[in-house]
Structures are given as structure tokens and as C-alpha cells.
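Letter by letter, the chains look like this.
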Amino acid sequence: NKMLEIIKAMKSYGVGDSATAALKGVSLTVKNGDFIVLLGASGSGKSTLLNIMSGLERPDSGAVKYDGKDIAALPDKEMTAFRKEKVGFIFQQYYLMPGLSVDKNVKMGADLAGNRDYRKIIDAVGLGGKLGKLPFELSGGEQQRVSIARALAKKPKVLFLDEPTGALDEETGRQILDYICVLQKELGFSLVMVTHNVNIAEMAHEVVRMNSGNIVETVHNNEQKTAY
Ligand code: ADP
Ligand code: ADP
């Protein structure tokens, strides 16, 4: 059940003396239905790890295996195609198409993966009554729900979230997280989330702590700590 396996991923930015080692050989396994939270100080490598897991970036070395297939070994075109079809990504910014309605924004996600039944996902995030609205007519929380629906319309095996509630007030952020947790139980995808929010970390199955490009601690909920 190793749906996604990161093996000894290394990544540096820049060259020579000014190079930054963002990941120093990170290994991590995501099983079907997992909810993993990545914690750590700014600059510890969380976003880089998320980007590499999702195929947004390529590691310098190491493997990124989805059901045994290493996407980091694919040519650029195929790696991009894999990400567009199979991976859901939510950012702090919503990146909605400003000229497209709620319905059309979510349809874009569905079209990437060749899915037709995206309407019920719009209903599931509570936006069934706002199909024709444009992004600027929605609140921040509603816009983030559109971006979640767009990502889930691909029926991804795993949904990656980088500080998804960072731009929202606490109450709205909480609602968004509740939606995501309900949808996860319903649709059965895995969740990998970067957050600084300790309350969210408590909801996760596994909390992975990073420090200067390494995983330094993994806490399984209701289990003992694994120190490295
Ligand atoms: P966070 O700490 O929440 O990850 P950052 O501001 O560190 O936010 O990073 C935001 C984005 O900018 C990330 O996707 C990261 O890859 C990129 N980034 C971070 N540091 C640098 C840098 N020194 N030069 C260029 N891009 C960077
Ligand atoms: P975090 O998400 O934990 O804040 P990042 O993965 O964004 O950490 O960054 C890890 C390290 O890599 C930091 O030192 C950051 O400045 C650097 N970095 C990240 N992205 C880039 C980039 N595109 N160009 C240069 N340096 C980067």
C-alpha cells in the first residue's frame, strides 16, 4: 500500500558557494487515505518537498514513485502530463481564472483528467448555488472552496496543500479544513499538507517535522515518536 514513495530526494538551488541545499536526502511514504502534515520553520524545506512529491519540481537525485513508477525519471512533458492529470494542489493563493464562473473553473480541473461528473463536487463544497458566479463575487473562503473543488474534480489519489488556510480568518479556515476532512472520508484520497497551525496538525494521522532539509521527527497519532 505504498501509494507514493519518496526515496532519498535531494534538491539544491543555485550553484557553487551560493548554493542552498533545500532537501538533503528525504524519504517519506504516503499510503492510501493517509493524512500527513509537514511542520517546520520557514526555510526548512517543506514547500520544496511538497513540490517534489507533486511533480511540480524535479529532485536533483532520488525517486518519486507513484504505485512504483518513478515520475522523477520521466521526461519533462510526461512528468507535466502526470501532474496535470493525477495530482491535486491547493495553494494559499487560489489561482482561479478570473474571467470564468465557478462552474467553468471546476470544469477546467475535471477536463484535465477527463472527468464529467464534477457537479457533485461543487455541491459537496457547498457552492451548488453559486455556479454562475465569478471569483470576484465570492468571499475568500468560497474562492478557496472553488480551488479545492477544481483540484478534487481530477479525482486525484493525493491532494497537496501548502498553507491552504493562510489567507483566511480562523473561523473560515476551520470550515475549509472540515470540508476537506469530510471529502477525504467520502472520496478516499490522501492528504499531504504544509501548515503552521497546531490544531490542524492534531487532526493528521502523521506529523512530519523538518529542519534544514531533513525530516527530524515523525509522530504517528496515538503512537510513539520516531526520532532520527
Ligand atoms: P513558505 O515559507 O511558506 O514556504 P516562502 O516565502 O519560503 O514560503 O516560499 C514561497 C515560494 O518561493 C516557495 O515555492 C519557494 O520554492 C520559493 N522560494 C523560497 N525561497 C526562495 C528563494 N530564496 N529564491 C527563490 N524562490 C524562493
Ligand atoms: P519552507 O517551505 O520550509 O519555508 P522552502 O522549501 O521554501 O522551505 O525552502 C527551503 C530552502 O530552499 C530555503 O533556504 C529557501 O530559501 C530555498 N529555496 C526554495 N526555493 C528556492 C528557489 N526557487 N530558489 C532559490 N532558493 C530556494
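Enquirer: Hey, could you run me through the pattern of salt bridges in this one?
Expert: Pairs can form between side chains of opposite charge whenever their charged atoms are close. Using the criterion set out here, one finds 10 salt bridges in the structure. Between Glu5 and Lys2 there is a salt bridge, with its nearest N and O atoms 3.5 Å apart. The closest approach of N and O atoms between Lys130 and Glu142, which form a salt bridge, is 3.1 Å. Remark: Glu142 occurs in helix α5 (residues 140–152) and Lys130 occurs in the loop between α4 (119–124) and α5; sequence separation between them is 12 residues. Judged by its relative accessible area of 28%, Lys130 is partly exposed. Using a relative accessible area of 14% as the deciding quantity, one classes Glu142 as buried. One continuous salt-bridge network, built from bridges that share partners, spans Asp117, Lys120 and Lys155.

Enquirer: In this structure, what is going on with unusual backbone geometry? I would like to understand it.
Expert: Note: most residues except glycine have negative phi, and most peptide bonds are trans. Positive phi, close to 45 degrees, is recorded for Asp67, a residue that is not glycine. Assignment of secondary structure puts Asp67 in the loop between β4 (61–66) and β5 (69–70). The backbone phi angle of Glu163 is positive, close to 50 degrees, even though this residue is not glycine. Along the polypeptide, Glu163 turns up in the loop between β7 (158–162) and α6 (170–187). Taking the relative accessible area as the measure of exposure, Glu163 reaches 15% and is therefore buried.

Enquirer: Which parts of the structure should I look at to understand the sheet that holds strand β1 (residues 4–13)?
Expert: Hydrogen bonds along the backbone pair up the strands of a sheet, which may run parallel or antiparallel. With antiparallel pairing, the 4 strands of this open sheet are ordered in space as β2-β1-β4-β5. The sheet terminates laterally at β2 (20–30) and β5, the two strands that pair on one side only. As judged from the 5 bridges shared by β1 and β4, these two strands associate in the antiparallel manner. Considered in β4, the bridge of Leu4 is made with Tyr66.

Enquirer: I'm lost on the site of ligand 2 in this one. Help?
Expert: The environment of ligand 2 is made up of Tyr13, Thr20, Ala22, Ala41, Ser42, Gly43, Ser44, Gly45, Lys46, Ser47 and Thr48. A distance of 2.7 Å separates an oxygen atom of ligand 2 from a polar backbone atom of Gly43. Ser47 is positioned with one of its backbone polar atoms (N or O) 2.8 Å from an oxygen atom of ligand 2. Residue assignment for the shell around ligand 2 shows that the elements contributing at least two residues are β2 and α1 (46–53). Taken together, the residues of the shell around ligand 2 sort by class into 3 nonpolar, 7 polar and 1 charged.

Enquirer: In this structure, what is going on with the side chain of Gln143? I would like to understand it.
Expert: Counting through the fold element by element, Gln143 comes out in helix α5. Sequence-distant contacts of Gln143, defined by excluding residues within four places in its chain, comprise Tyr94, Leu96, Pro135 and Leu138.

Enquirer: Got a minute to help me understand the packing of helix α3 (residues 102–112) against α5 in this structure?
Expert: Working note: a packed helix pair is described by the angle between its axes plus the distance between those axes. The geometry of α3 relative to α5 is characterised by a closest axis approach of 7 Å and an angle of 30 degrees between their N-to-C directions. Two packed elements cross with a definite hand, and for α3 against α5 that hand is right-handed. For the pair α3 and α5, the contacting residues are Val102, Asn105, Val106 and Gly109 in the first and Val146, Ala149 and Arg150 in the second. Tallied by class, residues from the contact of α3 with α5 come to 4 nonpolar, 2 polar and 1 charged.

Enquirer: Sorry, what's going on with the pairing of β1 here?
Expert: Where a strand is regular, its side chains alternate between the two sheet faces. The pairing of β1 with β2 spans 8 bridges and is antiparallel. Considered in β2, the bridge of Tyr13 is made with Thr20. Where β1 folds back on β2, the antiparallel hairpin that results is connected by 6 residues, among which Gly14 adopts a positive phi of roughly 80 degrees.

Enquirer: Can you walk me through the environment of His220 in this structure?
Expert: Along the chain, His220 falls in strand β10 (residues 214–220). Judged by relative accessible area, which is 24%, His220 ranks as partly exposed. A sequence separation of 23 residues divides His220 from Asn197, and the C-alpha atoms of the two residues are 17 Å apart.

The rules behind the values
- Residues numbered from 1 in each chain as written.
- Chains lettered and ligands numbered in written order.
- Predicted model: local features only at pLDDT ≥ 70, side-chain atom pairs only at ≥ 80, totals over all residues.
- Heavy atoms only, no water.
- Salt bridge = Lys/Arg side-chain N within 4 Å of Asp/Glu carboxyl O.
- Helix = DSSP H or I, 4+ residues; strand = E, 2+ residues; numbered from the N terminus.
- Buried < 20%, exposed > 50% of the residue type's maximum accessible area, 1.4 Å probe, protein only.
- Pairing = 2+ DSSP bridges.
- Near = heavy atom within 4 Å.
- Polar contact = N/O pair within 3.5 Å; in protein donor to acceptor, adjacent residues only side chain to side chain.
- Nonpolar A, V, L, I, M, F, W, Y, C, P; charged D, E, K, R; others polar.
- Contact = heavy atoms within 4.5 Å.
- Axes fitted to C-alpha atoms, helices over the stretch in contact; angles between N-to-C directions.
- Left-handed = near helix turned anticlockwise from the far one by under 90°.

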